[in-house]
Protein chains: 2
Amino acid sequence: MNSSGVSTTEEPLPAPPGFPDIVAAADRLAGKAVVTPLLESQALNARAGGRILIKPEVLQRTGSFKFRGAYNRIGQIPPAQRAAGVVSYSSGNHAQGVAAAAALLDIPATIVMPADAPAIKIANTRGYGATVELYERASESREARAEVIAAELGATIVRPYDDPGIIAGQGTCGLEIANQAKQLGARLDALLVCCGGGGLTSGCAIVFAEMSPRTKVYAVEPEGFDDTRRSLESGERVSNAPGHDSFCDALLSPTPGALTFSVNRRLLAGGLAVSDAEVAAAMAYAFSTLKLVVEPGGAVSLAALLAGKIDARGRTLALTLSGGNVDPETHARAVATGSA
Amino acid sequence: MNSSGVSTTEEPLPAPPGFPDIVAAADRLAGKAVVTPLLESQALNARAGGRILIKPEVLQRTGSFKFRGAYNRIGQIPPAQRAAGVVSYSSGNHAQGVAAAAALLDIPATIVMPADAPAIKIANTRGYGATVELYERASESREARAEVIAAELGATIVRPYDDPGIIAGQGTCGLEIANQAKQLGARLDALLVCCGGGGLTSGCAIVFAEMSPRTKVYAVEPEGFDDTRRSLESGERVSNAPGHDSFCDALLSPTPGALTFSVNRRLLAGGLAVSDAEVAAAMAYAFSTLKLVVEPGGAVSLAALLAGKIDARGRTLALTLSGGNVDPETHARAVATGSA
């Protein structure tokens, strides 16, 4: 371990995907993933004082963008290896993406999930036909557990973000944003991306570096879990300090991915961090004004905008609402406290 | 009054709009109303056993389709009459549509609303700059109250549905559905429309009679307020019996509009009715699977589908989610009871 708490003895990194890999992923996903619309709300524009384009990945198959990467990655497993299945680990959205993609491709899936994941995410993952193995977030390593299972089955591990096929799949979300913004005659000054391990963020960054280099891409994270923001500032991957808590269950990864950060350090304009209270206010705004159900981790970009973490006045911004898999009680509580 | 409880001594009816009036309304609304997407959920398709296309008017400006008709109608008021303003009456969604449209056109608006309307609808109507006059639903006539105010101000009354300009505006929703379905390569067997006074339903029916006569158009209403369904069966306008209650506050009109019914009796395939419990289940489904916030009255079409009131197996259907203006408490309660 070095001083920043990140192991330096890792496997050599594969090359990150290039823009053509993302275009190829879009072809692979055609007819499987939803081309989610790019929405605009006059009420939000008026509040922000600029033009805001909203990419609601809550409308994506499985309720988050994660289906994109999972289907793209699993669809590239060679036929001879498919029968042994896939194994993955995830707090919930990647789990559902892998489960749904594997089911579509007729491949068995086993997912290691934290025992305290939202009930809706565990139930949905099982609903797509996957075998779910629960682990204790505090005392067990999900990666180690997944590796043991994969070794037993001879199965392929599908990582949540640090994989070129995953990053390319998530990048298709950025590709749609870039194309849809163009169709709307909008020149994007900035794009705010909800960021956990950095798969969606890096995929979008690769697209915008190619299609719209003027657009500044920001990673948005929960306070206390802003490892990407701090890593960008320090120039190397740093971990989150222990002792923090957040209800953004989808974004609690301990450190940026090695592969995703190799992209993000080159291409991002910076990182923004939001508090749980700001996230609850964004979920309430999404409920009352946008009429969209957004989970905590999916609302951080909107939270950053509404909390004034980025200046939108007179500018054109896009933001992702990256997932909507939230238990009814958590949602109702956030809407109630966020409206107050 | 005749035996069905509907006055027969009414003003002569104006002509209903034709298809060209709806095309003209779409031009008038361009850049003002949202072209809402036509969504498809693989999960809903699988559950219904057919192909279901969802028109989420919850994403429309003001959170319901009502902005379409209001803007189209108010935009046709002659310049000399604009300064005196508009007066309307509504349980809430038409109120917001009129208030927002009038504000955009710089015309003062007064809205007569029931004192027991959802707080969010009253607050939003005031938020758009309209003057709100509350009345008691049980003891007062909102039409009479509106007429007194209009006479005092010399203002134009903007009716919620029985007006050719309103019907043409709401018809633009149907026009979008027909065009978007065509782009998706879908031939619609049926269209389910949430129905109160019948403005949206008749507007859509006019469009489909022209563009896709094979598509059967159904009005969907709350049980006990299924006046359009029963009127279609009896061939003349009948009123709802007293003593019923429903939380579908947007759909509690006592009888079909004279003008809307003159269209609907010719063009509809029939009516469907759903219980409040079926509506709550649909709101819960919209929350958990579609990730859309839908108000009770906006969920009746989805409720009819999920409750099996129409056979979707092997067929292609479209349905409207016509509004999403619901108080957080009502929404949370419906999601909780509807999930059980």
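The structure under discussion appears in the preceding block.
Residues numbered from 1 in each chain as written. Chains lettered and ligands numbered in written order. Predicted model: local features only at pLDDT ≥ 70, side-chain atom pairs only at ≥ 80, totals over all residues. Heavy atoms only, no water.

Trainee: For the overall build of chain A, give the residues involved together with the corresponding values.
Mentor: In terms of helices and strands, chain A carries 14 helices and 10 strands. Radius of gyration (C-alpha) of chain A: 18 Å, near the 20 Å computed for a compact globule of 340 residues. When the backbone C-alpha atoms are referred to their principal axes, chain A occupies close to 55 × 45 × 40 Å. Looking at chain A as a whole, 61% of its 340 residues qualify as buried. A separation threshold of at least 6 residues defines the contact pool for chain A, and within that pool the share at least 24 residues apart is 74%. (Helix = DSSP H or I, 4+ residues; strand = E, 2+ residues; numbered from the N terminus. Rg over C-alpha atoms; globule rule 2.2 N^0.38 Å. Buried < 20%, exposed > 50% of the residue type's maximum accessible area, 1.4 Å probe, protein only. Contact = heavy atoms within 4.5 Å.)

Trainee: Describe the pattern of salt bridges, listing the residues and the values that go with them.
Mentor: Residue and element names in this part refer to chain A. All chains considered together, the criterion is met by 34 salt bridges over all chains. Put simply, Lys 55 and Glu 176 hold a salt bridge, and the shortest N to O gap is 2.7 Å. One end of the pair, Lys 55, is in strand β2 (residues 51-56); the other, Glu 176, is in helix α8 (residues 164-183), and 121 residues separate them in sequence. Relative accessible area serves as the criterion here: at 14%, Glu 176 is assigned to the buried category. The structure contains a network of salt bridges with shared partners spanning Lys 55, Glu 57, Arg 68 and Glu 176. (Salt bridge = Lys/Arg side-chain N within 4 Å of Asp/Glu carboxyl O.)

Trainee: How would you explain the interface of chain B and chain A if you had to name every residue and give the values?
Mentor: Taken together, the 24 residues of chain B in the interface contact 24 residues of chain A. Summing both sides of the interface, chain B and chain A together bury roughly 1,800 Å²; the carbon and sulfur share of this comes to 72%. On the chain B side of the contact with chain A, Phe 287, Lys 291 and Val 293 of chain B bury the most area, a combined 36% of that side's loss. At the junction of chain B with chain A, the criterion picks out zero salt bridges. Here chain B is connected to chain A by six residue pairs in polar contact (both at pLDDT 80 or more). At the level of elements, β1 (39-40), α12 (276-290) and α14 (328-339) of chain B are the ones that each hand at least two residues to the side of chain B that touches chain A. It is α14 of chain B that contributes the most residues to the side of chain B that touches chain A, four residues altogether. Looking at the side of chain B that touches chain A, its residues break down into 14 nonpolar, six polar and four charged. (Buried area = accessible area lost by both parts, 1.4 Å probe. Polar contact = N/O pair within 3.5 Å; in protein donor to acceptor, adjacent residues only side chain to side chain. Nonpolar A, V, L, I, M, F, W, Y, C, P; charged D, E, K, R; others polar.)

Trainee: Tell me what's going on with helix α6 (residues 119-127) of chain B, and back it up with residues and numbers.
Mentor: Turning to α6 of chain B, its buried residues number three or more, namely Ile 120, Lys 121, Ile 122 and Thr 125 of chain B. Close packing links the buried residues of α6 of chain B with α12 (276-290) of chain A together with α5 (93-104), β4 (109-114) and β5 (131-135) of chain B. The first or second residue beyond α6 of chain B is Gly 129 of chain B, which carries a positive phi of 100°.

Trainee: Mind laying out the sheet that holds strand β10 (residues 316-321) of chain B, listing which residues take part and the relevant values?
Mentor: Residues and elements named next belong to chain B. Taken together, six strands build an open sheet; the order of strands is β1-β2-β10-β7-β8-β9 and the sheet is mixed. Each edge of the open sheet carries a strand with a single partner, namely β1 and β9 (270-274). Strand direction decides the pairing type here: strand β2 (residues 51-56) and β10, joined by six bridges, are parallel. If you follow Leu 53 over to β10, its bridge partner there is Ala 318. Lying over the sheet, helix α10 (residues 227-234) contacts β8 (216-222) and β9, oriented at roughly 145° with respect to β9. Relative to the sheet, α12 contacts β2, β9 and β10, its axis offset from that of β9 by approximately 85°. (Pairing = 2+ DSSP bridges. Axes fitted to C-alpha atoms, helices over the stretch in contact; angles between N-to-C directions.)

Trainee: Please set out the packing of helix α9 (residues 199-211) of chain B against helix α11 (residues 258-267) of chain B residue by residue, giving values where relevant.
Mentor: Residues and elements named next belong to chain B. Interaxial distance between α9 and α11 falls to 9 Å at its minimum, and their mutual angle equals 45°. Here α9 is positioned oblique relative to α11, judged by the angle of their axes. In the crossing of α9 with α11, the sense of the turn from one axis to the other is left-handed. Two secondary-structure elements touch here, α9 through Gly 199, Thr 201, Ser 202, Ala 205, Ile 206 and Ala 209 and α11 through Thr 260, Val 263, Asn 264 and Leu 267. In terms of residue class, the contact of α9 with α11 is made up of five nonpolar, five polar and no charged. (Parallel < 35°, antiparallel > 145°, perpendicular 65-115°, else oblique. Left-handed = near helix turned anticlockwise from the far one by under 90°.)

Trainee: Any chance you could break down the nonpolar core for me, citing the residues and the numbers?
Mentor: Within the largest apolar cluster, 86 residues are counted, with the highest numbers of intra-cluster contacts made by Leu 302 and Leu 305 of chain A together with Leu 302 and Leu 305 of chain B. Setting aside its immediate chain neighbours within four residues, Leu 305 of chain A contacts Leu 44, Ala 48, Ile 52, Leu 192, Ile 310, Ala 312, Leu 317 and Leu 319 of chain A. (Core = buried A, V, L, I, M, F, W, Y, C linked by side-chain atoms within 4.5 Å.)

Trainee: Requested: an account of unusual backbone geometry, with residues and values cited.
Mentor: A positive phi angle, close to 65°, is found at Lys 291 of chain A, a residue other than glycine. Tracing the backbone shows Lys 291 of chain A in the loop between α12 and α13 (300-306).

Trainee: Lay out the sheet that holds β4 of chain B with the relevant residues and their values.
Mentor: Residue and element names in this part refer to chain B. On the basis of which strands lie adjacent, the open sheet formed by four strands has the order β5-β4-β3-β6 and parallel pairing. The open sheet has two edge strands, β5 and β6 (156-157), and neither has a second partner. Of the strand pairs in this sheet, strand β3 (residues 86-89) and β6 are connected by two bridges, and their pairing is parallel. In the strand pairing of β6, Val 87 is matched with Ile 157. Where α5 meets the sheet, its contacts fall on β3 and β4, and the angle it forms with β4 comes to roughly 170°. Strands β3, β4, β5 and β6 of the sheet are contacted by helix α7 (residues 142-153), whose axis makes an angle of about 175° with β3.

Trainee: With reference to specific residues and values, describe the environment of Leu 188 of chain A.
Mentor: Residue and element names in this part refer to chain A. In this fold, Leu 188 is placed in the loop between α8 and β7 (190-194). Each C-alpha atom of the pair Leu 188 and Ala 46 lies 17 Å from the other, and the pair is 142 residues apart in sequence. Once residues lying within four places of it in the same chain are set aside, the contact partners of Leu 188 are Leu 53, Ile 177, Ala 181, Phe 208, Ser 212, Arg 214, Thr 215, Thr 316, Leu 317 and Ala 318.

Trainee: Hey, could you go over the environment of Pro 79 of chain B for me, with residue numbers and the actual values?
Mentor: Residue and element names in this part refer to chain B. Counting through the fold element by element, Pro 79 comes out in helix α4 (residues 79-82). For Pro 79, a relative accessible area of 71% translates into the label exposed. Separated by 23 residues in sequence, Pro 79 and Ala 102 place their C-alpha atoms 13 Å apart.

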